[in-house]
Every structure is written in C-alpha cells, then in structure tokens.
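Coordinate analysis (summary)
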Amino acid sequence: MSDLKYFECPNCGGRLEFDSASQKLKCPYCEGTYDPDTFGEEKEYTIENTKWDESDELSVYTCKSCGGAIITDANTVATSCPYCGDPVVLQGNVRGDYKPSRIIPFALDKNAAKKEYKRHLKGKFFLPRAFTDEAVIDEIKGVYVPFWLFDGTANAQIWYDATKVRHWSDADYNYTETSYFKLFRSGRVSYEEVPVDASSLIDDRMTESIEPFDDREFREFNANYLAGYLADKYDISARDCKGKADERIINSTEALFASTTSGYSSVVPTHSRIMLSEGRQEYVMMPMWLLNVKYDNKDYKFAMNGQTGKFVGDLPLDKGKMWGFGIGLFAGISALLILLQYILI
Amino acid sequence: MKKILTVLFTCLLVIFSASAISAGSDHIIIGKDGEGIIDAYEESRLEDDLDHIRDDYGIDIYFIFDASISDVQQYAINFIYDVHNSENTVVLCMNDEYYDIEALGPQQDLIYANSSDLFNTFYNAVSTSSGIEEYYKKVVRIVNSEAYTSSVDTVSGTPAFVDLADLLSSSEESDITSRLNELYNKYGIKVVAVTTNTLHGMTPQDYADDFYDYNGYPNDGVLFLLSMEDRDWYVSTRGKGARNITEFGVDLIADEMMSSLKKGDYYGAFKKYASKTDYLLGSAAKGKVVDGYTEPQKESESEFGAGNIGIGVGIGAIISFITTLIFKGQLKSVHKERYARNYVVDGSFYLNGYADQFINRSVSRSPRPKNDDSGSHSGGGTSYHTSSSGISHGGHGGKF
C-alpha cells in the first residue's frame, strides 16, 4: 500500500515544487516560498486501487487531483502526472532500505541547463553548422540519481624495475650507459565517498563525466527536495557497485605510488599487492539534468551536474570540415616551410 | 662468570672479523658516490685475488673510485708513490668524470702504452666487479708478456722502420725512417714498416699484431710487414689507424707497392708505402675515410634538394595531424572514469616502505659516422680481430 504525497501552498492551494535557485519549496501559482526542512503541511492521498503488475514491475497510481492513471515502475520515487503536470512523490518507494541518508539538492534550474547547453556548442570547430542551427532540445529532465558512496583504505606494496640512461659522446663514439635498479614502495592511502551510479537506467559514463559533486552541499534526506524533479531509487545493490569503486581506488593508488618514483628514465611496475579494507557505504541522491537532442534522425544525450553546472555530452563530427581543415593546414604549412627553405638556402 | 665469557667471546669475534677484513690491505677503494657499485662479497673475493697476484707475480694493482677527488691524476701520482714497494705497481683512479692510470716499476712503459685499453676493458664490462677483474687480469697479462708465448722479435725504443731482413742500405733506411716519423708528427698515428727473414713459426697476422703490441708502440698505428720466408706481406692496424685505414685502404697500399715488391725494389716500395699512407691518413683527417670508389660529388651542402621538401612535408603533416586531433577531441566529453583522485582523504597518503636498489650497469657505444658523402660504396669498413695481447686489430695480408 503506497501513498502519494503532495504539498499544498498554504496561500493559494497550488501544488508546491522545490526551486533550485532559492533552495526552497515554491508555489508556481502565487510565488510563495517555504522552507523545505520545516514545512509541515501535507495532505495525503488515499489510493483507491493499486494495480501491481508483477511481471512488468509496473505500478499504477491514480492521480487524485485529475484522476489520471499514472504508470510508473517500481523504482520511481518522484515524477509528474502526465495529464495535469502536478508533481508527485511516491513515498512508498522511499521507505526503509530505499530511503537515502543524504541528498544534494538542485542548485541550478532548467534555464541554467539550457544556457550551458548553448555554451557547450560554442568553439567546437568540427561541429556541423547544421547542428547548432537545427538541433532541437527534445527533452530536459531534472533527475536525482541514486548513488552508493564508498569509503575505504588501500594498503599497497609495489615493486618496480627502473633504469637510468646516460648519453655522452667523444670524437669517435656515442656512448649509452644504462643503470638498472629495483624499487620498492609500501604504504597506505584512504578514500572517502567514492561514488558509483546505482541505477541501471542511467548511463554510468554520463554520471562519471559530471563528477565531482561538492560534498559540503549534502543535506539530510527529506522528500521535499524531490518535488518537481524525477527520481529513481537504486536497483543495483551496494555489493554489486563496490567492484567499480574498488577498481577506481586501486588505479588511483597505483598512480599515487608511481608518482613517488622520480629521477629515472623508465619505471615499470613488476608486481603489486593492494589490499582494500572494508569501509562505510552510504546511499545518497545527487542532482543531474539530462537533455535529449534530436538531429539528423539521431538522439544525442547531454548531462549537466545539477549542483556545479559541469556540462558534458558527445557531439557529432563534421567529417568534411575535418578533412578539409586537416589537408588545408598540411598543404599550407608544408608549402610555407618549403618556400622558406628555398629562400634561405 | 657468564658476563666475562660473553665479553671475551665478543672480543674474539671483533678481532676475528677485523682480521678478516684487513687480511687483504685494500686494493679496491670506493669513496663518494660509489656506494653500491660493487657488493661486499664480490669485493672481498677480488681483494683476495689481488693479494695473490701481489704475492705470486709481484704486481700490486689498485682500483680507486671516489667522486670527491678533484684532480685524478695528482691523486693517483701521490697514491702510487705512497704505496709503491714491490716490483710493479699499477693504479687506476677515477672520479665520476675522469680517469687516470699510473704505473711504477720495470714494466711501467708497457702499462702506459696500454692504459686506454685497460680503461676500456674495465668500462665496457657488464658490471663493476667484472670490470675490475678483467682490468687487473689484463694488467697481469701485459706485465707478463715476456713469459707469454709470443716468439715475435723485439726491438728497443719504437723505431718506425725495422729492417731485420736487411733489404735496404743504411741511407735508404734512414730516409724511410724519417718519412714515416714525419707521418707520426703530422697525424699522431704511428706508421711502421718491418722486414724479416723468418716469422718464427707464426702467421703473418700474429707476427705483425704482436710486433706492434709487444714492442710498446702507441695505441694508434699501422704496421707493414714484409716476410721474405714465404713472400708474405701483411698490414696490421690498431686504434685510430684501424679506423682511418679500412680493408679497402689496405688494398690500396698493397696495390700501390705490389709492382715494386715483385721487382725487388724494396726502397721504392716503402717510399710508396709512406706516400699512400700519407694520402689515406690525410683524407681521414679531413673527415673522409677512404672506403671505396666514390663518384665525384658536387658540393651539395648548400643546395636546396629533395631533403628540404621532405622536411617541409613532414613538419606540415605532423602539425596538421596534431591540430586536427585536438579539434576532434573537443567534441568528446563523456568518458569512463578510471580514477578516484578527487576522493583521496587529505593527508592520508603515508609511505612506510621505500627502497631503491642498484642492480648493475652496462655501457654500449656506437661509432660516430664520419662525414662521408660518397656515392657508390664498395668498401666494407675495417674488419677487426683480437690479437694474442687482447687488443683489437684490423688489416689483412697477401703474397707478393
């Protein structure tokens, strides 16, 4: 049995949304603002019928304000009614284990996302002109992405083969002296809050590309923040996510240790033993804007960090521009250098 | 009682190990910047060896490495006068830039003549300990060269012309001698000619190589041998002589001298030897080692040619390639994140084990190409062989 929660503006009765610019609950009708942490007024829907379709893992809710049937999957936590547009938070999906401990609220709104998108297109020389002119933003959604954050300490022992090479010459010979060394490093380094995308619906490469988030902005989780945005609960367990965090920790540890071997011409690790200790793991939500752009019958996906504004997304390549530029520059520089040499010699 | 025994035992241990250490007085002295170039076990083995050499052969050989020595020659000279008390003393002293070899004793001239060979033997070895070992073994070989089984004739001083077969009159002899000495003054390469009636059972190569090596001639030289026994001629080259006179050059010398040799005009033949050697060494001194027939070449240094076009095209391609890659890379911003650098806890990185261990050292060298813009190249350079003294020689011979 699940309940839908909505927040009614005490002033005019409209449905409140969480406004990222002011970090408060805001009424889009009368512009009244309220502090999400202390806001108490809530009305609860009672659900008349919940049809739970096990095989498809979909649930159907009835929107009390317009009567429309809202179909969501079991992971959806916050969405908007497709008929009347009112935001709804599916409280049932944020109970118990599925309730995140902390959340970073949205700091940038939809307009900021659109602005950053335009800026992202600037200065990209090999972007087809047509893209800038014709591509249309098909969809922008503000989504709270579920993450597992991992703490851990890596204890490492790494062995390296290294060489120092010296060159010198006299009148008759060029000499090369190679000295061979074996290096050893051992120590430890700690990591905290290494994030792993816990939703299989959201592309990990996107969420990794918009890192890092500023962890000073974490707040105690409160469902109020979700209002007006989409949210999914996690569907990949912490255990299944840990592998990815471990991989990143190991790579960084190896890089950190390798940076202590300086002064050699070459350093090659031959053997490494890295042991990771179990640390804290935490379930949180962090904000991301997702944009879908249609161009030339293809979908292009972009993402923006809803807190820092870091914008990413792969753009198409205008092959004509690339070859034209490449060959033109080659011809130009070659001709110039040849001419210069001819004049000077 | 227990305490006294412990003290006594410790004293015995100290004395024992002290005597073990000082059983050999140090022949191998490693100072600043030399830590780890030779391990302790190897060092004591070599010290033992050097003690035996001093006792059995009467040769006292030293090796000093110390980066803090400023004047290696002065240091080596002072050192050798300090320690010299047996028949022969040899010191190889080096800092991180220079080396010097000093020798005292009856064979000191022979050692000085071979000093750069001795150093190269040490320097080209696979490790410091094997380098030191080969160095002192070679010193022993050089000093004992009379006991060594070379039956070559010996002469005193280092004369340029040795007429054991008495083919020339004394005035002809002195003329040839002065021509050959003039070449030495001009080029710094010793040019020698030797005639003999017998090779004492040696091959022409061995006789010619050994005559040059065991009679104390300098490192760089060329020797022409004429043996009347079986009508053999042989040219032996060493050091700069070998580099500047290739096998092709040897053939030129022999071709030039051949008709005179066949006629029996030995004076004429050796005059031609002097002049041909002068030509070959002169050409090499200008940077063109004669090694084949060359097409007459136009002076091409200051002309615009295909090479310049190649440079222009090459650089243009590189710049264009790199710039294109940069602009193409602008379009990609989504990637998998391999690292967790942003999540390192400040100050948590702590190293508790840190060791850098030196294993060994090797030196390789390649000869620098001499300026040689020759066209068709029918020469093959110099082909080297090692003579009985361990020194590399070039050259070859034939009949006349």
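Residues numbered from 1 in each chain as written. Chains lettered and ligands numbered in written order. Predicted model: local features only at pLDDT ≥ 70, side-chain atom pairs only at ≥ 80, totals over all residues. Heavy atoms only, no water.

Check the secondary structure of chain A and you find five helices and 19 strands. For chain A, buried positions account for 48% of its 345 residues. Contacts spanning at least 24 positions in sequence make up 71% of the contacts within chain A whose residues lie at least 6 apart. Of the roughly 17,100 Å² that chain A leaves accessible, carbon and sulfur atoms contribute 50%. (Helix = DSSP H or I, 4+ residues; strand = E, 2+ residues; numbered from the N terminus. Buried < 20%, exposed > 50% of the residue type's maximum accessible area, 1.4 Å probe, protein only. Contact = heavy atoms within 4.5 Å. Areas by Shrake-Rupley, 256 points an atom, 1.4 Å probe, with all protein chains shown as cover.)

Attention now goes to the overall build of chain B. Within chain B, the secondary structure is distributed over 12 helices and 12 strands. Every one of the 400 residues in chain B was classed for burial, and the buried ones make up 43%. Sequence separation of 24 or more characterises 68% of the internal contacts of chain B that already satisfy a separation of 6 or more. Per element, the accessible surface of chain B, about 20,800 Å² overall, is 53% carbon and sulfur.

Time to look at the sheet that holds strand 3 (residues 24-26) of chain A. All names here are of chain A. The strand order across the open sheet built from three strands is 2-3-4, with neighbouring strands paired in antiparallel fashion. Both outer strands of the open sheet, strand 2 (17-19) and strand 4 (33-34), are each paired with one neighbouring strand and no more. Of the strand pairs in this sheet, strand 3 and strand 4 are connected by two bridges, and their pairing is antiparallel. The partner of Lys26 across the bridge, within strand 4, is Thr33. (Pairing = 2+ DSSP bridges.)

Once that is clear, we can look at helix 11 (residues 266-285) of chain B. When the terminal C-alpha atoms of helix 11 of chain B are compared, their 28 Å separation across 20 residues agrees well with the 28 Å that a helix rising 1.5 Å per residue should span. Positive backbone phi, at 105 degrees, marks Gly287 of chain B, one or two positions downstream of helix 11 of chain B. (Expected span 1.5 Å × (residues − 1).)

This paragraph deals with the nonpolar core. Residue and element names in this part refer to chain A. The biggest cluster of nonpolar side chains holds 67 residues, and the ones touching the most others in it are Tyr117, Phe131, Tyr144, Leu226 and Phe302. Those elements that provide at least two residues to this core are strand 9 (76-80), helix 1 (110-121), strand 12 (136-169), strand 13 (173-197), helix 4 (238-258), strand 17 (281-295) and strand 18 (298-305). At nine residues, strand 12 tops the list of elements feeding residues into this core. No fewer than three residues from each of domain 1 (4-99) and domain 2 (110-314) sit in this core. (Core = buried A, V, L, I, M, F, W, Y, C linked by side-chain atoms within 4.5 Å. Domains from an automatic or database assignment.)

Residue and element names in this part refer to chain B. Strand order in the open sheet formed by four strands is 1-2-3-4, and the pairing between neighbours is mixed. Of all strands in the sheet, those with a lone pairing partner are strand 1 (28-30) and strand 4 (99-104), marking the two edges. Within the sheet, the average angular offset between the axes of one strand and its neighbour, ignoring direction, is 10 degrees. As defined by bridge partners, strand 1 adjoins strand 2 (residues 59-65) across three bridges and the pair is classed as parallel. When the bridges of strand 2 are listed, Ile30 appears paired with Phe65. The strands that helix 2 (residues 40-57) touches are strand 1 and strand 2; relative to strand 2, the one it contacts most, it runs at about 150 degrees. (Axes fitted to C-alpha atoms, helices over the stretch in contact; angles between N-to-C directions.)

Summarising burial for helix 5 (residues 115-123) of chain B: seven of the nine residues are buried, a large majority. Considered for burial, the residues of helix 5 of chain B that qualify are Ser115, Asp117, Leu118, Phe119, Thr121, Phe122 and Tyr123 of chain B.

The amide bond that connects Glu211 of chain A to the next residue, Pro212 of chain A, takes the cis arrangement and shows omega of 0 degrees. Position of Pro212 of chain A among the secondary structure elements: in the loop between helix 3 (204-209) and strand 14 (219-220). Residue Asn297 of chain A is not a glycine yet carries a positive backbone phi of 65 degrees. Tracing the backbone shows Asn297 of chain A in the loop between strand 17 and strand 18. Phi angles above zero are rare outside glycine, and Asp166 of chain B is one such case at about 50 degrees.

The next thing to look at is the confidence of the model for chain B. All names here are of chain B. Per-chain confidence: chain B averages 86 in pLDDT, with 90% of residues scoring 70 or above. No element of chain B has a lower mean pLDDT than helix 1 (residues 2-22), which averages 66, and none a higher one than strand 7 (residues 221-227), which averages 95. With pLDDT under 50 throughout, residues 20-24 is counted as low confidence; its partners more than four residues away or in other chains account for two contacts. Throughout residues 373-377 the model reports pLDDT below 50, and contacts reaching past four residues in sequence, or to other chains, amount to 11 contacts. (pLDDT = per-residue confidence, 0-100.)

What follows is about the pattern of salt bridges. Applying the stated criterion across every chain, the model contains 32 salt bridges over all chains. Where Asp172 of chain A meets Arg243 of chain B, a salt bridge forms, and the shortest distance between an N and an O atom there is 3.0 Å. Here Asp172 of chain A, found in the loop between strand 12 and strand 13, pairs with Arg243 of chain B, found in helix 9 (residues 240-244), and the two come from separate chains. We classify Asp172 of chain A as buried; its relative accessible area is 17%. Because the salt bridges share partners, they merge into one network encompassing Arg102, Asp151, Glu193, Arg280 and Glu282 of chain A. (Salt bridge = Lys/Arg side-chain N within 4 Å of Asp/Glu carboxyl O.)

The next subject is the interface of chain A and chain B. Of the residues lining the interface, 70 residues belong to chain A; the matching set on chain B comes to 58 residues. In total, about 6,000 Å² of surface goes out of reach between chain A and chain B, with carbon and sulfur atoms giving 57% of it. On the chain A side of the interface with chain B, the three residues burying the most area are Asp172, Tyr173 and Tyr180 of chain A, jointly 10% of the side's total. Linking chain A with chain B are five salt bridges. Linking Lys336 of chain B and Glu247 of chain A is a salt bridge whose minimum nitrogen-to-oxygen distance equals 3.6 Å. Between chain A and chain B we count 38 residue pairs in polar contact (both at pLDDT 80 or more) in total. Every element with two or more residues in the side of chain A that touches chain B is listed here: strand 12, strand 13, helix 3, helix 4 and helix 5 (319-344) of chain A. Its residues assigned to classes, the side of chain A that touches chain B shows 35 nonpolar, 18 polar and 17 charged. Across 16 bridges, the pairing between strand 13 of chain A and strand 9 (residues 350-367) of chain B is antiparallel. Bridge pairing in strand 9 of chain B links Arg188 of chain A to Tyr350 of chain B. (Buried area = accessible area lost by both parts, 1.4 Å probe. Polar contact = N/O pair within 3.5 Å; in protein donor to acceptor, adjacent residues only side chain to side chain. Nonpolar A, V, L, I, M, F, W, Y, C, P; charged D, E, K, R; others polar.)

Residues and elements named next belong to chain A. Relative to strand 18, strand 17 runs antiparallel, the two being bridged by eight bridges. Residue pairing across strands places Lys294 opposite Asp299, the latter belonging to strand 18. Counted between consecutive antiparallel strands, the loop separating strand 17 from strand 18 contains two residues, among which Asp296 sits at a positive phi close to 55 degrees. Examined bridge by bridge, strand 18 and strand 19 (residues 311-312) share two bridges and lie antiparallel to one another. Following the sheet pairing, Met304 is matched in strand 19 by Phe311. In textbook terms, the turn of a hairpin is the stretch between consecutive antiparallel strands, and for strand 18 and strand 19 this stretch comprises five residues, one of which, Gly309, has a positive phi near 90 degrees.

Here we come to the confidence of the model for chain A. With 88% of its residues at a pLDDT of 70 or more, chain A shows a mean pLDDT of 84. The spread of mean pLDDT over the elements of chain A runs between strand 6 (residues 51-53) of chain A, the lowest at 35, and strand 19 of chain A, the highest at 95.

A few words now on the environment of Tyr123 of chain B. Within the fold, Tyr123 of chain B resides in helix 5. Looking at Tyr123 of chain B, the relative accessible area reads 19%, which means it is buried. Considering only alpha carbons, one finds Tyr123 of chain B and Glu134 of chain B, 11 residues apart in sequence, at a separation of 9.9 Å. Excluding its chain neighbours within four sequence positions, the residues that come into contact with Tyr123 of chain B are Arg166, Trp168 and Glu177 of chain A together with Val363 of chain B.

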